[in-house]
Amino acid sequence: MRRRPQDFRRPVRRRFSNVLWWSLCAVAVMLFIYILTKGNQIESGPAIARKSYRQEKFMESLNITEEMLNPNSVARQLSDQISLAKAFVVIAKESNNLQFAWELSAQIRNSQILLSNAAIRRAPLTVKESEGAIRDMAILLYQAQQFHYDSATMIMRLKAKIQALEEQMSSVSEKSSKYGQIAAEEVPKSLYCLGVRLTTEWFRDLSLQRKIKERKQVDMKLKDNNLYHFCVFSDNIVATSVVVNSTALSSRHPGKVVFHLVTDEINYSAMKAWFSMNNFRGVTVEVQKFEVFSWLNASYVPVLKQLQDSETQSYYFSGSNVDARTPIKFRNPKYLSMLNHLRFYIPEVFPALKKVVFLDDDIVVQKDLADLFSIDLNGNVNGAVETCMEKFHRYHKYLNYSHPLIRSHFDPDACGWAFGMNVFDLVEWRKRNVTGIYHYWQEKNVDRSLWKLGTLPPGLLTFYGLTQPLDPSWHVLGLGYTNVDHQLIEKGAVLHFNGNSKPWLKIGIEKYKPLWEKYVDYSHPLVQSCNFH
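A short tour of the structure in this document, coming up. Small disclaimer: the values here were computed from a predicted structure and weren't measured. (Residues numbered from 1 in each chain as written. Predicted model: local features only at pLDDT ≥ 70, side-chain atom pairs only at ≥ 80, totals over all residues. Heavy atoms only, no water.)

**Some details on the overall build of the protein chain**
Now for step 1: Secondary structure assignment for the protein chain yields 23 helices and ten strands.
Now for step 2: Relative to its 533 residues, the protein chain shows a buried fraction of 43%.
Now for step 3: Pairs at least 24 residues apart make up 75% of the contacts formed inside the protein chain by residues separated by at least 6 positions.
Now for step 4: Carbon together with sulfur atoms contributes 55% to the accessible area of the protein chain, which is approximately 31100 Å² in total. (Helix = DSSP H or I, 4+ residues; strand = E, 2+ residues; numbered from the N terminus. Buried < 20%, exposed > 50% of the residue type's maximum accessible area, 1.4 Å probe, protein only. Contact = heavy atoms within 4.5 Å. Areas by Shrake-Rupley, 256 points an atom, 1.4 Å probe, with all protein chains shown as cover.)

**Some remarks on empty space enclosed by the protein**
Now for step 1: Under the defined criterion, the tally for this structure stands at two cavities of 30 Å³ or more.
Now for step 2: Of the pockets and cavities examined, the second largest cavity occupies roughly 60 Å³.
Now for step 3: Of all elements in the fold, only strand S1 (228–233) and helix H10 (237–250) reach the threshold of two or more residues within the lining of the second largest cavity.
Now for step 4: Broken down by class, the residue content of the lining of the second largest cavity amounts to seven nonpolar, three polar and two charged. (1 Å grid on protein atoms, 1.4 Å probe; cavity = no way out; pocket = protein on both sides within 12 Å on 5 of 7 lines; lining within 4 Å. Points joined across faces, edges and corners; volume = space filled by probe spheres on them. Nonpolar A, V, L, I, M, F, W, Y, C, P; charged D, E, K, R; others polar.)

**Comments concerning the packing of helix H7 (residues 189–204) against helix H11 (residues 265–277)**
Now for step 1: At their nearest, the axes of H7 and H11 sit 8 Å apart, and the two run at 75° to each other. Viewed along their axes, H7 and H11 adopt a mutual orientation that is roughly perpendicular. Contact residues: H7 offers Gly-195, Leu-198, Thr-199, Glu-201, Trp-202 and Phe-203, while H11 offers Ser-269, Ala-270, Lys-272, Ala-273, Trp-274, Ser-276 and Met-277.
Now for step 2: Classifying every residue of the contact of H7 with H11 gives seven nonpolar, four polar and two charged. (Axes fitted to C-alpha atoms, helices over the stretch in contact; angles between N-to-C directions. Parallel < 35°, antiparallel > 145°, perpendicular 65-115°, else oblique.)

**Quick look at the sheet that holds strand S9 (residues 475–476)**
Now for step 1: Across the sheet, three strands lie side by side as S5-S10-S9; this open sheet has mixed pairing. Whereas interior strands pair on both sides, the edge strands pair on one side only; in this sheet they are strand S5 (363–365) and S9. (Pairing = 2+ DSSP bridges.)

**Thoughts on the state of the cysteines**
Now for step 1: Under the defined criterion, the tally for this structure stands at two disulfides.
Now for step 2: Two residues share a disulfide in this structure: Cys-388 and Cys-415, whose sulfurs sit 1.8 Å from each other. Linking Cys-388 and Cys-415, the disulfide has an S-S dihedral of approximately -90° and is accordingly described as left-handed. With Cys-388 in the loop between strand S6 (382–384) and helix H16 (395–398) and Cys-415 in the loop between helix H17 (404–409) and strand S7 (421–425), the pair connects residues that are 27 residues apart, well separated along the chain.
Now for step 3: On the basis of relative accessibility, which here comes to 17%, the residue Cys-415 falls in the buried class.
Now for step 4: Sequence-ordered numbering of the bonded cysteines in the protein chain gives a pairing of 1-4, 2-3. (Disulfide = S-S within 2.5 Å.)

**Notes on the environment of Gly-195**
Now for step 1: Locating Gly-195 in the fold gives a position in helix H7.
Now for step 2: Each C-alpha atom, one on Gly-195 and one on Leu-526, is 9.8 Å from the other, the two residues being 331 residues apart in sequence.
Now for step 3: Those residues in contact with Gly-195 that lie beyond four places of it in its chain are Ile-237 and Ala-270.

**A few points about the environment of Val-484**
Now for step 1: Structurally, Val-484 can be placed in the loop between S9 and helix H21 (486–491).
Now for step 2: When the C-alpha atoms of Val-484 and Tyr-512 are compared, they prove to be 9.5 Å apart, with 28 residues separating the residues in sequence.
Now for step 3: Those residues within four positions of Val-484 in sequence are excluded, and the remaining contacts are Val-476, Leu-477, Gly-478, Leu-479, Ile-489 and Tyr-512.

**Re the nonpolar core**
Now for step 1: Grouped together as the largest cluster of nonpolar side chains are 62 residues, with contacts concentrated most on Phe-230, Phe-259, Phe-275, Leu-359, Leu-372 and Trp-516.
Now for step 2: With seven residues, H10 is the largest single contributor of residues to this core.
Now for step 3: Residues Phe-410, Tyr-438, Trp-451 and Leu-460 belong to the second largest nonpolar core, which totals 44 residues. (Core = buried A, V, L, I, M, F, W, Y, C linked by side-chain atoms within 4.5 Å.)

**Side note on the pairing of S7**
Now for step 1: Within S7, five of the five residues are buried, leaving the element largely enclosed by the surrounding structure.
Now for step 2: Both faces of S7 are covered, namely the face carrying Met-421, Val-423 and Asp-425 and the face carrying Asn-422 and Phe-424.
Now for step 3: Of the pairings in the sheet, the one linking S6 to S7 comprises two bridges and is antiparallel in character. Pairing of Gly-383 across the sheet is with Val-423, part of S7.

**Some points on the pattern of salt bridges**
Opposite charge on two side chains allows them to pair when their charged atoms are near.
Now for step 1: Within this structure, the stated rule accounts for nine salt bridges.
Now for step 2: Between Lys-289 and Glu-265 there is a salt bridge whose closest N-O contact spans 2.8 Å. Remark: Glu-265 occurs in helix H11 and Lys-289 occurs in strand S3 (residues 284–289); sequence separation between them is 24 residues.
Now for step 3: Overall, Glu-265 belongs to the partly exposed group, its relative accessible area being 42%.
Now for step 4: Here Asp-362 ties to Lys-502 by a salt bridge, and the two come within 2.5 Å at their closest N and O atoms. Note that Asp-362 is positioned in the loop between strand S4 (355–359) and S5 and Lys-502 in the loop between strand S10 (494–496) and helix H22 (513–517), a separation of 140 residues in sequence. An identical accessibility class is assigned to Asp-362 and Lys-502; each is buried. (Salt bridge = Lys/Arg side-chain N within 4 Å of Asp/Glu carboxyl O.)

**Brief notes about a nonpolar patch on the surface**
Now for step 1: A cluster of nonpolar side chains, contributed by Val-187, Tyr-192 and Val-196, occupies part of the molecular surface with about 320 Å² of accessible area.
Now for step 2: Among the residues examined, Tyr-192 registers a relative accessible area of 59% and is labelled exposed. (Patch = residues over 30% accessible without salt bridge, like charges linked within 9 Å, V, L, I, M, F, W, Y side chains within 5 Å.)

Here you go:
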């Protein structure tokens, strides 16, 4: 028998293979659809349950009852009427319609009593018992509309009321700021009394003056760069005494501590008397007055030159409000005080010293500060704790970045730092002519266009790129105006009462006062005689 050619056999096999292939695909698709359908049926039950559970939790969080969800709820209708009636009461009182306001208030109380009784018995209000209250309230609300107490009128009146309240709040806030500033600037009677008593004692008791003249070793210590030198510029005797006393009590070697105090002519005798009659664990104390510095004159110091300007005098010292937009805190004369600006002349004040720790008079020392003198400032002039944990302590907070001079020289997001506890390398200071940098910026700010107030803004400009960040535990700030974390206070080497609420004032923050008061010698006869407490 003859065989068929091979070409005629292959097509039959291919058709059989194609049919088998399409059959398998159809079975696979049907199986997939079946599995998918089953999965949806299995999952739909838990999904519905989860959705129902979420709705229940949501209703529970809003304290929604079944009655309130009921479209025919009379309790909800009463609640809505009460809310609307309360708004109408306010408008009626504003329109001097006191009789109508009283009627609305009485009806509000009746409706509230109904709701309270229903809540007590834990049963929903019935239409029968609430029908009278709902009808009476509806009549009053309709009457309110006849008085033109409609929504548009209410909105206009409420807007006017809000505006009036905002103006009143602004006025009260301004007065509060003024009175707070006055309270912060006041000299307590007891502090004034102590100054007078000490001055009298200085000139009466010649032995106090002899004590200072007989201290031959003091002059040697004042220039010894192997010792720990601190400087304080202040006219507050008690505050300065707390700084010296707390430093002495916290020091492991108080005999190596030297304090350089600079005050003004008025407090000079009192300051010398106090530190002559008290011994602070062997700490060396030098008292000077800035009036004796011959280099401190208007031809060298921009601040003194500005004080001679009539416009500057009018801005800071006249009682007239030349610019009502300028807050009173910006117009405080203390910001032109030489005791404030003397920190920029430390190398001139102490020409023999190489390193100094500058302290404000509103601080308390809790730890030994000797290690500050061994910190490497890496060629910088100023060692300070940075304060830029929040945005408002960056450069743009203190400086006017709309001015091209500021905008072109300083990064607005540069980190700010604090005065109050600073390590100054006076060798680098002199080498870089830092005081000259300060003079440049102070002269550029004659019209107060670069910054408004204080010594920190010119300090930020002067020490820009010359500041070495210190560990935050060295200097804890905020005890004079805000709440400070208790752990930070415990770890802090220096606590700073910066702000208006100084611990020696009545407006001081009570919970922080003990941290300062424990370094005041209340047993001293002169302190007791002046009723200082």
